[in-house]
Amino acid sequence: MTEAHSVTGNARFVANLRSIVAPSKWTTWFSAVRMEFTDETLQVVAPSDFHLHWLQDHYREVIESLAADHLGPEVIVHYAVDEPAPPAPPPDDPAPAVPTDSTDPAAAATPTSTSRFERKYVFDTYVVGQSNRLARAAAMAVADKPGEHYNPLFIYGGAGLGKTHLLHAIGHHARTHRPSASVRYINSENFFNEFVDGIRRKRMDAFKQRYRSIDLLLLDDVQFFQGKEQVLEEVFHTFNTLYDLDRQIVLSCDRPPKDLGIEDRLRSRFQWGLLADIGPPDVETRLAILQRNAEYAPTPVPGMVLEFIAQHVTDNIRELEGALTRVTAYAALTNQPITLDLAKDQLRDLIPATPGRPPTGPEILAMTAATHGFSVGDLQGPSRRGPVVLARHSAMYLCRTLTDLSLPKIGKLFGGRDHSTVSHAIDKIGKLITSDPETARMIARLSEKLCAP
């Protein structure tokens, strides 16, 4: 790439990126970042470790996708922290990628290593708990002896639980201990894009050679292949070739193979080796993850803040780390100390409101009567008018579902009615909820009002 071409490419890339990022985010996080193209490499340089980690957590996929649009799928993206003097390249820096436009298909098809191993995604930074112990142990075994145990290794679990971390960790370990081995990590969307590009440019022989001659293939998010018959056919043949050569295959997915909408012949191959699931982390594991991530924060994070986040953000690790980043970034940008009150304020949209006191029977009776335009006496009295009966039965149903009152006690509240009458009323409303949308909405609105904190 000429210097003029490089400058033009930089400006176009930055302009496209800026059009995607919100102005406030750009000013806060991107204005101090250098992004430079050289040949087929994009260098992203941040002013601090914390800054770099935030960029990678929130915008890595956007940056790499745009970079691929500018230079093709083989673009190398380096992430670094700005330092006073250029440091010597660390020993685990990736080898240069082979240009995609090489006239020699064999040369273009034999990369020694991927360029996209995240520095922080290593086994030492992977926090182990009950939910991921098997997956981590299997990943370690595969990294130590690729092709000998658990081939293929199929890791599955929900989004943000650490599957990608394990694939990168395997790649780091293999590259360190087997530097001559060809190792490639790629997510399924990029694999698909390369496949399509190979068809478009009539370079399928190079594409096939690239993936069928490597020693360790790390293929992320294979659920993306569902419904893409041509690329599934290519995955099938690539799998067979590597497996027959005793080359290691590691796959990740958001569900087990049996739940994938793919052909039986490929689904069965995914199950040939070891299936290892990753579940949501327990509170102890969540706290350990936060403690490790807090080491990168610009100021110390109090233990009570970490415990608060661990107790209330439970869905996945990505959301957990994002919550910590939000708190620490806000404190740093506003020059405030990190306190429990600050954390509660910043995470109020993530933390479910504390449920209020359960309603009492008389409260349910009074609110239901008022909502329907009647008095409490109307619902307790003998009236058999349709609207009154519906309101009465609704209040009985709510008393049963929102309180621990027994049927006789509910009957007593409603003018001394028999428990069988109450039971009949509850059953009737339960059936109406499933068959009559208006009744369902009415009961839902009343429940929400009665249970509001």
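Up top you'll find the structure we're talking about.
What counts and how
Residues numbered from 1 in each chain as written. Predicted model: local features only at pLDDT ≥ 70, side-chain atom pairs only at ≥ 80, totals over all residues. Heavy atoms only, no water. Helix = DSSP H or I, 4+ residues; strand = E, 2+ residues; numbered from the N terminus. Buried < 20%, exposed > 50% of the residue type's maximum accessible area, 1.4 Å probe, protein only. Contact = heavy atoms within 4.5 Å. Areas by Shrake-Rupley, 256 points an atom, 1.4 Å probe, with all protein chains shown as cover. Axes fitted to C-alpha atoms, helices over the stretch in contact; angles between N-to-C directions. Parallel < 35°, antiparallel > 145°, perpendicular 65-115°, else oblique. Nonpolar A, V, L, I, M, F, W, Y, C, P; charged D, E, K, R; others polar. Phe/Tyr/Trp six-rings, centres within 6.5 Å; stacked < 30°, edge-to-face > 60°. Lys NZ or Arg CZ within 6 Å of the ring centre and 35° of its normal. Expected span 1.5 Å × (residues − 1). Arc of directions from axis to C-beta. Pairing = 2+ DSSP bridges.

Q: How would you explain the overall build of the protein if you had to name every residue and give the values?
A: When helices and strands are tallied, the protein shows 20 helices and 8 strands. Buried positions account for 46% of the 453 residues belonging to the protein. In the protein, the proportion of contacts linking residues at least 24 apart, taken out of those at least 6 apart, comes to 72%. Surface summary for the protein: the accessible area is close to 22,400 Å², and the carbon and sulfur share equals 53%.

Q: Before we move on, can you summarise the packing of helix α17 (residues 386–402) against helix α19 (residues 419–435) with the specific residues and values?
A: Taken N-terminus to C-terminus, the directions of α17 and α19 make an angle of 95°; their axes are 8 Å apart at the nearest point. As summarised for this structure, α17 and α19 are arranged roughly perpendicular, according to the angle between their axes. Of α19, the residues touching α17 (which contributes Leu390, His393, Ser394, Met396, Tyr397 and Arg400) are Val422, Ala425, Ile426, Lys428, Ile429, Gly430, Leu432 and Ile433. Of the residues that constitute the contact of α17 with α19, the class distribution is 9 nonpolar, 3 polar and 2 charged.

Q: If you had to explain the packing of aromatic side chains to someone new, which residues and values would you point to?
A: Summed over all chains, the structure comprises 13 aromatic pairs. Aromatic side chains Phe195 and Phe207 sit 5.9 Å apart centroid to centroid with 70° between the ring planes, which places their arrangement in the edge-to-face category. Taken as a pair, Phe195 in helix α7 (residues 188–200) and Phe207 in helix α8 (residues 204–212) lie far apart in primary sequence, 12 residues in all. For the pair formed by Phe195 and Phe207, the shared burial category is buried. With a centroid separation of 6.0 Å and 10° between ring planes, the pair formed by Phe239 and Tyr243 is classed as stacked. Of this pair, Phe239 and Tyr243 both sit in helix α9 (residues 229–244), 4 residues apart, which is roughly one turn of that helix. Exposure remark for Tyr243: the relative accessible area of 29% places this residue in the partly exposed category. Grouped by ring-pair contacts, the aromatic residues Phe154, Tyr156, Phe239, Tyr243, Phe270 and Trp272 constitute a single cluster. The lysine or arginine in question, Lys228, covers the ring of Phe192, its NZ or CZ lying 5.5 Å from the ring centre.

Q: Describe in detail the environment of Gly198, supporting the description with residues and values.
A: Its location among the elements puts Gly198 in helix α7. As a C-alpha pair, Gly198 and Lys208 span 10 residues in sequence and 9.2 Å in three-dimensional space. Those residues in contact with Gly198, other than ones at most four positions away along the chain, are Arg203 and Met204.

Q: Account for helix α15 (residues 361–372), with residues named and values stated.
A: Under the 1.5 Å per step criterion, the end-to-end length of α15 is 17 Å for 12 residues, consistent within 8% with the ideal 16 Å. If you check which residues of α15 are buried, you get Gly361, Ile364, Leu365, Thr368 and Ala369. For α15, the buried positions fall inside an angular range of 125° around the axis, keeping them on one side. Seen from the open side of α15, the exposed residues pointing more than 90 degrees away from its buried face are Pro362 and Ala370. Residues of α15 that are buried make contact with α16 (376–380), α17, α18 (407–413) and α20 (437–451).

Q: Talk me through the sheet that holds strand β3 (residues 76–81); I want residue IDs and the actual numbers.
A: If you trace the 3 strands from one edge of the open sheet to the other, you get β1-β2-β3, paired in mixed fashion. Of all the strands in the sheet, just β1 (34–38) and β3 have a single pairing partner and so form its edges. Pairwise comparison of adjacent strand axes, ignoring direction, gives a mean angle of 20° for this sheet. Where strand β2 (residues 41–46) and β3 come together, 6 bridges link them in parallel fashion.

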